[in-house]
Amino acid sequence: MSFQSYKQDLYDETKKHLKKTDISLAIEPGSNNFKMTYFLNGETANFEELTCYRLIRQAFKRELKPVWGKVAVDSANKGKELEWFIEGGVVKNEELLKTYMQMMNESMIKTGIYNSSGEVILAIILPARAKEKLKIKTIECFKKIYGKIIVLDEVTSMLASYPCYEDGKKVLPTRLGGDFGAYTRDWVIVVDGLVATKKVKDRVVEICDSRRSDAGIHIDELIQRLIGEHYGVEISLDMAREIKELYWNMVFTYRKKKKIRLVDTSNRPEEIELTPAIADESLAPTIESSASDIPKLLDLLDISVRNRVIEDEMIISGGLMKIEGLAGAIEVALKEEEYDYSIIAAINPKFGSTDGGFTITRQFKEAFGK
Amino acid sequence: MKVDETLLFNLIFKTGELMYYTAKKLKYAAGRKQKYKSLQLTIIFLCLKKIKKDKFFEVMASLGKRKDNVLRAHGKLLEDGILDIEVDEGVYYKVNPKIKQEIMKIAEEKLYHVEKEQIEFAESKEIEIKVAEKREETEYSKEQLEKLVGVG
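Chains are numbered independently. Their residues run from 1 in the order of the written sequence. The order in which chains are written sets their letters, starting at A; the order in which ligands are written sets their numbers, starting at 1. Given that this is a predicted model, residues contribute local features only at a pLDDT of at least 70 and side-chain atom pairs are listed and counted only at 80 or more, while totals for whole chains, interfaces and linings are drawn from all residues. Heavy atoms from the whole structure form the basis of all side-chain values; hydrogens and water molecules are not counted.

Attention shifts here to empty space enclosed by the protein. We place a 1 Å grid over just the protein atoms. Points where a 1.4 Å probe fits but has no way out form a cavity, open points with protein on both sides within 12 Å along at least 5 of 7 lines form a pocket, and any residue with an atom within 4 Å of a point lines it. Grid points are joined across faces, edges and corners, and a volume is the space filled by probe spheres set on the points. For the structure on display, the rule yields one cavity of 30 Å³ or more. For the largest cavity, the calculated volume is near 30 Å³. For the lining of the largest cavity, a count of residues per class yields seven nonpolar, no polar and one charged. Under the grouping applied here, Gly and all other residues not named as nonpolar or charged are polar, the nonpolar ones being Ala, Val, Leu, Ile, Met, Phe, Trp, Tyr, Cys and Pro and the charged ones Asp, Glu, Lys and Arg.

So, on to the pairing of strand β17 (residues 269-274) of chain A. Residues and elements named next belong to chain A. Alignment of strand β16 (residues 258-263) against β17, held across six bridges, turns out to be antiparallel. Directly across from Ile260, in β17, lies its bridge partner Ile272. Any two strands with at least two DSSP-identified bridges between them are counted as paired. By the criteria applied, helices consist of DSSP H or I runs no shorter than four residues and strands consist of E runs no shorter than two, each listed in order from the N terminus. If you look at the hairpin formed by β16 and β17, you'll find five residues sitting between the two strands, and Asn267 has a positive phi there, around 70 degrees.

Moving on, we come to the environment of A:Ile260. Residues and elements named next belong to chain A. For Ile260, the position within the fold is in strand β16. Judged by its relative accessible area of 6%, Ile260 falls in the buried class. Expressed as a C-alpha distance, the spacing of Ile260 and Ala329, which sit 69 residues apart in the sequence, is 25 Å. Burial here depends on accessible area, computed with a 1.4 Å probe over protein chains only, as a share of the maximum for the residue type. Under 20% is buried, over 50% is exposed, and the range in between is partly exposed.

This part covers the packing of aromatic side chains. All names here are of chain A. Between rings of Phe, Tyr and Trp, where Trp is taken as its six-membered ring, a pair exists when centres lie within 6.5 Å; planes separated by under 30 degrees are stacked, by over 60 edge-to-face, and by other angles tilted. Summed over all chains, the structure comprises seven aromatic pairs over all chains. Here Phe85 and Tyr100 contribute two aromatic rings whose centre-to-centre distance is 5.4 Å and whose plane-to-plane angle is 50 degrees, an arrangement assigned as tilted. On the criterion of sequence distance, the pair formed by Phe85 in the loop between α3 (70-78) and β4 (86-87) and Tyr100 in helix α4 (residues 94-111) is long-range, its members being 15 residues apart. On the basis of an interplanar angle of 45 degrees and a centroid distance of 5.0 Å, the ring pair of Phe364 and Phe368 is categorised as tilted. In this pair, Phe364 and Phe368 are both assigned in helix α12 (residues 352-368), four residues apart and thus about one turn of the helix distant. Just as Phe364 is buried, Phe368 falls in that class too.

So, about the state of the cysteines. In what follows, a disulfide is any cysteine sulfur pair within 2.5 Å. With the rule as written, the count across this model stands at zero disulfides over all chains. Not part of a disulfide, A:Cys208 finds its nearest cysteine sulfur in A:Cys164, a span of 19 Å.

Residue and element names in this part refer to chain A. A large share of strand β7 (residues 148-153) lies buried, amounting to six of its six residues. Alternating positions in β7 separate into two faces, Lys148, Ile150 and Leu152 on one and Ile149, Val151 and Asp153 on the other, with burial throughout. The pairing of strand β6 (residues 120-126) with β7 spans six bridges and is classified as parallel. Residue Ala123 lies in a different strand from β7, and its bridge partner there is Ile150. Look down the strands so they point away from you; if going from the first strand over the helix to the second traces a clockwise path, that crossover is right-handed. The β-α-β motif built from β6, the intervening helix α5 (residues 132-143) and the parallel element β7 has right-handed crossover chirality.

Residues and elements named next belong to chain A. Between helix α7 (residues 216-231) and helix α8 (residues 237-253), the shortest axis-to-axis distance is 8 Å and the interhelical angle comes to 100 degrees. Viewed along their axes, α7 and α8 adopt a mutual orientation that is roughly perpendicular. When α7 is examined against α8, the residues Gly216, Ile217, Ile219, Asp220, Glu221, Ile223, Gln224 and Ile227 are found in contact with a partner set consisting of Leu237, Ala240, Arg241, Ile243, Lys244 and Trp248. By residue class, the composition of the contact of α7 with α8 is eight nonpolar, two polar and four charged. Lines fitted to C-alpha atoms define the axes here, with helix axes fitted over just the stretch in contact, and angles between the N-to-C directions of these axes take values from 0 to 180 degrees. An angle below 35 degrees is treated as roughly parallel, one above 145 as roughly antiparallel, one from 65 to 115 as roughly perpendicular, and anything else as oblique. Every residue pair with non-hydrogen atoms within 4.5 Å of one another is taken to be in contact.

Residue and element names in this part refer to chain A. Taken in spatial order, the five strands of this open sheet run β3-β2-β1-β6-β7, and their pairing is mixed. At either end of the open sheet lies a strand with only one pairing partner, and these are β3 (43-50) and β7. Here the strands of the sheet are splayed against their neighbours by 20 degrees on average, with no regard to which way each runs.

Our next topic: the layout of surface pockets. There is about 590 Å³ of room inside the second largest pocket. Together, 27 residues line the second largest pocket, and A:Gln4, A:Lys7, A:Lys135, A:Val195 and A:Glu206 are the ones closest to its centre. Elements with a contribution of two residues or more to the lining of the second largest pocket: α1 (3-17), α5, β7, α6 (154-160), β12 (194-195) and β14 (203-206) of chain A together with α7 (142-149) of chain B. Ranked by residues supplied to the lining of the second largest pocket, first place goes to β14(A) with four residues. In the lining of the second largest pocket, the residues fall into 14 nonpolar, six polar and seven charged.

Structure, rendered in structure tokens:
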């Protein structure tokens with residue numbers, strides 16, 4: 001069965017049982033974090049959870065937080081087979097995802113987000129460029145718990161929440177959007193609310209680009225290596241990620257030096273100074289390759305469509321965009337390639353796609369719910 | 001800036017930063033020398049969220065807190081007059097209105113402080129931070145929605 005017809009069946013089924021009173025929920029299964037947007041006590045709220053640690057906690061009946069030093073290496077080895085049950089937005093280990101969703105469902109009922117999974121209309125946000133078979137497999141895992149499901153594309157749902165105008169009228173988005181995830185970095189061109197396609201030798205292909213070498217985890221590895229080279233301190237990958245999340249905005253965007261104390265992999269305390277130079281070095285490959293990929297992607301479009309796309313700014317979401325200066329840095333690098341194109345970061349970048357997906361689900365429910 | 005209980009609840013689980021500030025301030029409010037422990041603060045925030053009594057321990061358990069510890073911490077909060085004694089079975093634990101006001105104030109200050117600090121810093125360094133303009137809700141028609149969901 002093709003994904004399109006599977007999606008059509010899912011859509012028909014959902015529409016048949018859709019009620020106005022259903023509770024909207026948008027979930028994006030990320031490799032690192034499970035992100036969702038929901039409505040609680042009259043307020044839209046976001047929630048994220050480190051995917052692997054929850055299962056490790058359950059399996060070893062004790063709490064394991066991201067830890068530093070030798071303990072990190074040991075616990076990572078213990079939980080190796082439990083980690084990464086989702087990769088690049090699609091399922092890798094079905095059994096674990098099902099177990100995880102069961103636990104998630106229970107805790108959501110406990111927190112009072114909804115009373116039973118039957119009253120939920122769920123938006124699953126998956127990447128456009130993933131393999132169709134894997135996408136179906138992923139949705140099947142959610143289907144065991146939730147009956148009413150709509151499937152959205154990561155970047156389209158993010159772009160849909162930013163207004164687009166044509167002759168003063170609000171229209172579906174025609175833009176270039178990006179998503180910097182933990183495992184993949186995607187660019188997707190959306191034309192009139194659908195992922196742009198192109199005919200190549202009688203075959204229709206989607207115009208999107210995905211790279212693993214620019215994803216968050218590779219930047220973590222680079223930080224790990226750079227700190228080793230500059231200071232002779234060996235740190236865990238967990239720690240490199242934490243350094244990136246806590247200090248990279250300050251060091252890269254605001255050019256401030258920061259002295260930190262850390263524990264190396266053999267549990268020795270060390271003091272190092274993070275400098276803008278290290279931050280620049282760790283982000284340079286990402287910025288460079290982004291700047292060279294965007295023009296290649298735009299060149300695939302017809303000239304009239306291309307002009308429509310570059311009329312508006314490009315919007316990038318994803319956890320990495322918490323580094324506020326990154327969008328500006330890519331824009332500068334693009335200018336060097338003689339492309340004058342405005343790039344901005346999404347509001348609430350980590351939850352860009354779930355927030356958008358949530359809005360679409362809510363409107364969809366109001367329009368079609370009985 | 002509007003600060004309500006849901007936002008508080010989210011903040012505490014997201015950052016834990018607010019917890020620290022509240023602890024620092026409540027230390028004086030409660031007349032205790034030692035800093036407030038996270039468990040007691042979690043109880044306060046759950047009470048603010050109006051979790052029903054029968055669900056209270058379930059939520060605590062899901063957060064990994066043991067029932068005996070919760071009861072002990074709860075007792076201390078009642079002693080200090082931060083929580084009011086529950087009136088009836090199934091009724092919410094109530095937070096002392098004065099303390100509630102105090103927490104709201106801290107939350108407001110904290111949120112405001114963070115925003116202001118960031119803006120001031122950016123202005124002083126003349127750094128251009130490009131973030132999308134405030135998003136307005138885009139209302140889509142039925143046909144547009146069907147297209148967005150992918151089967152129009």
